[in-house]
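# Structural overview
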Amino acid sequence: MKKFILALDQGTSSSRAIIFDHDGNPCAVSQKEFTQYFPKPGWVEHDPEEIWASESSVMMDVVSKSGIDTAEIAAIGITNQRETTIVWDAETGKPVYNAIVWQDRRTSEYCDSLKALGLTEKVRDKTGLLIDAYFSGTKIRWILENVEGARDLARQGRLRFGTVDCWLIWKLTEGRVHCTDVSNASRTMLFNIHTLKWDEELLDLLGIPMSMMPQVRSSSEVYGSCEMLGGVPVAGAAGDQQAALFGQMCTEPGEVKNTYGTGCFLLMNSGSKAIRSENKLLTTIAWKIGDRVDYALEGSVFVAGSIVQWLRDGLGIIKSSSDIEALAMQVPDNGGVYLVPALTGLGAPYWDPYAKGTITGITRGSTAAHIARAALEGIAFETMDIVDAMRKDAGVALRSLKVDGGASRNNLMMQFQSDILGTEVVRPVVTETTALGASYLAGLAVGFWGSIEELKSQWKAERTFRPEAPAETVSKSIAGWRDAISRTLVK
């Protein structure tokens with residue numbers, strides 16, 4: 001009877017639901033965009049109720065359009081935008097404030113104050129993270145400090161915190177289950193990735209009651225059931241980038257993937273070893289399956305696909321995001337134009353929250369096509385910077401880079417990525433690896449798939465890009481990027 005897995009992929013700009021069959025093929029997809037709120041410069045918010053409304057809507061829609069019976073669905077897997085912070089009243093089920101999105105920079109000055117207290121190494125030793133507004137901890141504190149009545153409700157034990165996976169599990173189980181998985185917990189700046197527990201010292205430091213925190217579970221187990229679909233088990237969860245790492249079957253130490261989404265996220269599996277980065281990367285939990293915890297090194301680019309959205313909505317030089325490749329191909333190169341997409345600061349390996357987007361090298365001969373090409377190249381260059389840091393930390397050369405996410409379908413950018421990395425870039429047949437990874441984790445939990453080895457046999461390459469550009473051209477191009485970055489950095 002059980003023939004399918006349902007993946008809920010709750011992203012930064014849209015909610016999606018995808019049904020996968022036993023061979024890991026997507027059978028039906030439903031997607032819905034939701035509202036982005038920018039109340040002040042550097043602030044980014046979502047409405048948690050709209051997140052739930054859009055995700056539950058696409059969940060029901062994908063089941064309806066696929067024509068399958070809910071009795072044929074073995075389990076639900078969840079993957080989500082990470083670090084985005086939701087606080088709600090457990091008695092009413094209502095959020096006390098909008099979701100503060102991972103891109104939001106409102107707590108940057110508070111983070112600076114924590115660094116000034118000399119807490120950088122303590123936080124890093126416990127959590128694997130750098131002190132930054134990116135992570136959930138300081139966002140929770142901001143809500144407690146700035147939303148009227150929130151601190152009192154927290155003292156009464158009524159408030160609950162969750163990343164988006166946790167919020168969805170709460171809603172799917174009708175408020176019966178308040179839990180998250182280790183991969184999402186490891187992105188809060190409040191979770192000790194070595195003891196696998198919420199860190200009381202860090203919670204006290206930020207003034208966050210333990211009563212707000214969800215139970216932390218493995219990435220592949222039954223958390224509860226979804227009554228909307230007749231009791232289908234909710235059985236797997238992982239933050240979107242860890243889910244993509246699993247969906248790409250990067251299950252061995254040294255295997256690397258990059259997801260080109262709203263942001264850009266490069267992860268290297270480091271196995272059971274939590275590698276301490278000396279090059280400003282993050283140490284994070286990849287997943288926990290059974291008793292085994294796998295770790296990863298991660299570098300994050302805050303703005304990737306969203307720079308294309310800005311070219312569409314802000315500059316108006318393209319009508320839809322898919323138009324950018326054709327526009328960029330109207331010119332043979334960037335014409336000396338470089339675009340550093342620091343619209344919400346710079347992530348790894350720079351960690352400059354005050355950097356702003358920069359375009360350099362514009363002349364009278366520069367066109368919209370040059371800017372479009374520079375935007376695509378900027379995403380690839382930022383990926384290159386993270387790969388360089390990863391090579392140094394891990395002490396191994398990159399054999400290949402597995403890619404996924406919407407922008408991985410852009411052949412021009414993937415070829416450029418291969419050229420500047422000097423290595424193969426491999427795109428799989430199924431590029432929905434984030435949702436696929438969540439499906440795999442849920443399916444393993446309920447026995448739909450028997451083992452990771454069985455899943456590995458499903459992964460297939462669709463296209464491999466190999467370096468083609470002359471070394472001199474690549475060197476000149478990289479030098480131009482270095483100059484553009486130096487003009488962008490504030491710190």
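See above for the structure.
Residues numbered from 1 in each chain as written. Predicted model: local features only at pLDDT ≥ 70, side-chain atom pairs only at ≥ 80, totals over all residues. Heavy atoms only, no water.

## Structural notes on the overall build of the chain
Tallying secondary structure elements over the chain gives 16 helices and 23 strands in all. In terms of principal-axis extent, the alpha carbons of the chain reach across some 60 × 55 × 45 Å. If you take every contact in the chain between residues at least 6 apart in sequence, the share linking residues at least 24 apart comes to 72%. By element, 50% of the accessible surface of the chain is carried by carbon and sulfur atoms, the whole surface being about 17,900 Å². (Helix = DSSP H or I, 4+ residues; strand = E, 2+ residues; numbered from the N terminus. Contact = heavy atoms within 4.5 Å. Areas by Shrake-Rupley, 256 points an atom, 1.4 Å probe, with all protein chains shown as cover.)

## Remarks on the packing of helix H1 (residues 48–66) against helix H6 (residues 164–172)
With their axes 11 Å apart at the nearest point, H1 and H6 run at an angle of 65 degrees to one another. Where H1 crosses over H6, the handedness of that crossing is right-handed. Every residue of H6 that contacts H1 at Pro48, Glu49, Ile51, Trp52, Glu55 and Met59 is listed here: Val164, Trp167, Leu168, Lys171 and Leu172. (Axes fitted to C-alpha atoms, helices over the stretch in contact; angles between N-to-C directions. Left-handed = near helix turned anticlockwise from the far one by under 90°.)

## Things to note about the sheet that holds strand E22 (residues 424–428)
Ordered in space as E17-E18-E16-E15-E21-E22-E23, the seven strands form an open sheet in which the pairing is mixed. Two strands in the sheet have a free side with no partner beyond their single neighbour: strand E17 (282–289) and strand E23 (461–465). Within the sheet, the average angular offset between the axes of one strand and its neighbour, ignoring direction, is 30 degrees. Docked against the sheet, helix H13 (residues 411–421) engages strand E15 (256–260), strand E21 (400–404), E22 and E23, running at close to 145 degrees with respect to E22. (Pairing = 2+ DSSP bridges.)

## A few points about the packing of aromatic side chains
Using the criterion set out here, one finds 20 aromatic pairs in the structure. Look at Phe191 and Trp198: their rings are 5.3 Å apart centre to centre, the planes differ by 75 degrees, and that puts the pair in the edge-to-face class. Through successive ring pairs, a cluster of aromatic residues spans Trp102, Tyr134, Phe135, Phe265, Phe302 and Trp351. (Phe/Tyr/Trp six-rings, centres within 6.5 Å; stacked < 30°, edge-to-face > 60°.)

## Describing the nonpolar core
Ranked by size, the top nonpolar core spans 131 residues in total, and within it Leu190, Ile208, Met212 and Leu401 carry the most contacts. Non-local contacts of Leu190, meaning those with residues more than four positions away in its chain, are made with Thr127, Gly137, Ile140, Lys197, Trp198, Asp199, Leu202, Leu203, Leu206, Ile208 and Met213. Counting 35 residues, the second largest nonpolar core, distinct from the first, contains Ile51, Cys166, Trp170 and Ala237. (Core = buried A, V, L, I, M, F, W, Y, C linked by side-chain atoms within 4.5 Å. Buried < 20%, exposed > 50% of the residue type's maximum accessible area, 1.4 Å probe, protein only.)

## A few points about helix H2 (residues 108–116)
When we look at burial in H2, the residues that qualify are Ser108, Tyr110, Cys111 and Leu114. The buried side chains of H2 occupy one side of the element, clustering within an arc of 160 degrees when seen end-on. Counted as exposed and oriented over 90 degrees from the buried face of H2: Glu109 and Ala116. Check the buried side of H2 and you find it contacts helix H4 (136–146) and helix H8 (200–206). (Arc of directions from axis to C-beta.)

## A closer look at the state of the cysteines
Per the counting criterion, the structure on display carries zero disulfides. With no disulfide of its own, Cys27 lies 19 Å from the sulfur of Cys226, the closest cysteine sulfur. Free of any disulfide, Cys179 has its nearest cysteine sulfur in Cys166, 6.5 Å distant. Residue classification places Cys179 among the buried positions, given a relative accessible area of 0%. (Disulfide = S-S within 2.5 Å.)

## Considerations on the sheet that holds strand E1 (residues 4–10)
Here six strands make up an open sheet; going across it, the order is E3-E2-E1-E5-E14-E13 and the pairing mixed. Edge positions in the open sheet fall to strand E3 (26–33) and strand E13 (220–226), since each of these has one partner strand only. This sheet shows a mean twist of 25 degrees between the axes of neighbouring strands, independent of strand direction. Bridging between E1 and strand E2 (residues 14–21) involves seven bridges; their strand directions are antiparallel. What sits directly across from Gln10, in E2, is Ser15. Lying on the sheet, H6 is in contact with E1, strand E5 (73–80), E13 and strand E14 (232–239); it crosses E5 at an angle near 145 degrees.

## Digging into the environment of Gly271
Locating Gly271 in the fold gives a position in strand E16 (residues 264–271). Along the chain, Gly271 and Asp294 lie 23 residues apart, while their C-alpha atoms are 4.9 Å from each other. Once residues lying within four places of it in the same chain are set aside, the contact partners of Gly271 are Pro253, Arg292, Val293, Asp294 and Tyr295.

## A word on the environment of Lys356
The residue Lys356 is located in the loop between strand E19 (338–340) and strand E20 (358–360) in this model. In sequence terms Lys356 and Leu343 are 13 residues apart; their C-alpha atoms lie 5.5 Å from each other. Discounting residues that sit within four places of it in the chain, Lys356 has contacts with Ala342 and Thr488.

## Digging into the pattern of salt bridges
Scanning all chains against the criterion turns up 41 salt bridges. With a shortest N-O distance of 3.9 Å, Glu49 and Lys171 are connected by a salt bridge. One end of the pair, Glu49, is in helix H1; the other, Lys171, is in helix H6, and 122 residues separate them in sequence. One salt-bridge network, held together by shared partners, links Arg82, Glu83, Arg187, Asp240 and Glu298. (Salt bridge = Lys/Arg side-chain N within 4 Å of Asp/Glu carboxyl O.)

## Comments concerning the pairing of E14
The buried count for E14 comes to seven of eight residues, which makes it a mostly enclosed element. With four bridges joining them, E13 and E14 adopt antiparallel strand pairing. If you follow Gly224 over to E14, its bridge partner there is Val234. Between E13 and E14, which follow one another and run antiparallel, lie five residues, and Gly230 among them has a positive phi close to 75 degrees.

## Quick notes on the packing of helix H9 (residues 240–247) against helix H14 (residues 433–445)
Closest axis-to-axis distance for the H9/H14 pair is 7 Å, and the angle between their directions is 80 degrees. Here H9 lies roughly perpendicular to H14, going by the angle between them. Across the interface between the two elements, Asp240, Ala243, Ala244, Phe246 and Gly247 from H9 touch Thr433, Thr434, Leu436, Gly437, Ala438, Tyr440, Leu441 and Leu444 from H14. Looking at the contact of H9 with H14 residue by residue, the classes come out as eight nonpolar, four polar and one charged. (Parallel < 35°, antiparallel > 145°, perpendicular 65-115°, else oblique. Nonpolar A, V, L, I, M, F, W, Y, C, P; charged D, E, K, R; others polar.)

Honestly, that's just the spatial picture; any functional story needs more than this.
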